[in-house]
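# Notes for the structure review
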Amino acid sequence: MLKVNGIDVFYGNIHALKGVSLEINEGEIVTLIGANGAGKSTLLKTLSGLLKPKSGSIEYLGSSISGKAPQSIVKSGISHVPEGRRVFANMSVEENLELGAYLRKDSKEIKKDIQSVYELFPRLEERRKQLSGTLSGGEQQMLAMGRAIMAKPKLLLLDEPSMGLAPLMVKTIFQIIEKINQDGTTILLVEQNANMALSVADRAYVIETGRVEISGTAAELQASEEIKKAYLGGL
Ligand code: ATP
């Protein structure tokens, strides 16, 4: 579905991604794990067109998307849930969901999809008229995911969905990630919580200072002594 081939991404002189390659097959949950500043968010921003690679290529469903504008990437079926959620605080839950469908014109379908988002996240339906800025962190994460789903993605990019959430909420969010995947959406999941990420993923890539250093099935990484020591709390 997605093939990233040796991309280099810079912020000015800072070489943030160094020849990164990875692949995602349709139907998978693939996780990208790595320490703070390793380049995980940079990769997601590049895939969604917010940053342009200086070299290398990105192929999605058989065509090149590197250098394309973010709207056209969303239209082609890639949605990005950014780190920190970025919900529109002064708008209601439902208005945020409607905005997620801003590139669509099928208003009947949009209404139906809002209902499906509410089925996935009953908490959002209870709070549909509430201003988003007053939601808890976990509810904002649900809203950011719901908003992204409103674009009807084939590939969903999730940046640190568990960040700052209580353990019970982390569990809920991960159950919903699995449900979204079972309903047919392919997922690229960026996480610092490597334990949780590997527990839901099919495969994983470990990124260190801008380079993919290790890749394998989630089970292989969970069993690796090196990964256990560096990313799974040494257990
Ligand atoms: P985190 O979990 O902290 O977001 P990350 O793995 O997502 O970590 P990135 O945010 O992708 O890391 O950052 C990769 C590198 O690029 C870091 O060295 C970071 O300091 C640098 N960087 C990120 N954003 C910018 C920016 N806007 N301008 C300059 N440098 C940046």
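See the structure shown above.
Notes on the structure in this doc start here. (Residues numbered from 1 in each chain as written. Predicted model: local features only at pLDDT ≥ 70, side-chain atom pairs only at ≥ 80, totals over all residues. Heavy atoms only, no water.)

In terms of nonpolar packing, the biggest core is built from 46 residues, with M145 and I177 touching the most fellow members. In terms of residue count, helix 7 (residues 167-182) provides more of this core than any other element does, seven residues in total. Beyond its immediate chain neighbours, meaning those up to four positions away, I177 contacts I29, M145, L158, P161, I187 and L189. Formed by 27 residues, the second largest nonpolar core is a distinct cluster that contains M1, V20, Y60 and V190. (Core = buried A, V, L, I, M, F, W, Y, C linked by side-chain atoms within 4.5 Å. Buried < 20%, exposed > 50% of the residue type's maximum accessible area, 1.4 Å probe, protein only. Helix = DSSP H or I, 4+ residues; strand = E, 2+ residues; numbered from the N terminus. Contact = heavy atoms within 4.5 Å.)

Another point: the packing of aromatic side chains. The full count for this structure, using the stated rule, is zero aromatic pairs. Between K54 and the ring centre of F10, over which it is positioned, the NZ or CZ distance is 4.9 Å. (Phe/Tyr/Trp six-rings, centres within 6.5 Å; stacked < 30°, edge-to-face > 60°. Lys NZ or Arg CZ within 6 Å of the ring centre and 35° of its normal.)

It is worth spelling out the layout of surface pockets at this point. Space inside the largest pocket adds up to approximately 520 Å³. In terms of lining, the largest pocket is formed by 18 residues, of which the most central are V74, H80, P82, Y102 and R147. Of all the elements in the fold, those that place two or more residues in the lining of the largest pocket are helix 2 (70-75), strand 6 (78-81), helix 3 (93-100) and helix 6 (137-149). Considering only residue class, the lining of the largest pocket consists of eleven nonpolar, four polar and three charged. Taken as a whole, the second largest pocket encloses approximately 270 Å³ of empty space. S116, L120, I149, D183 and T185 are, among the 14 residues lining the second largest pocket, the residues nearest its centre. Examining the composition of the lining of the second largest pocket, we find that five residues originate from one element, helix 4 (residues 107-120), more than from any other. Residues of the lining of the second largest pocket, tallied by class, amount to six nonpolar, three polar and five charged. (1 Å grid on protein atoms, 1.4 Å probe; cavity = no way out; pocket = protein on both sides within 12 Å on 5 of 7 lines; lining within 4 Å. Points joined across faces, edges and corners; volume = space filled by probe spheres on them. Nonpolar A, V, L, I, M, F, W, Y, C, P; charged D, E, K, R; others polar.)

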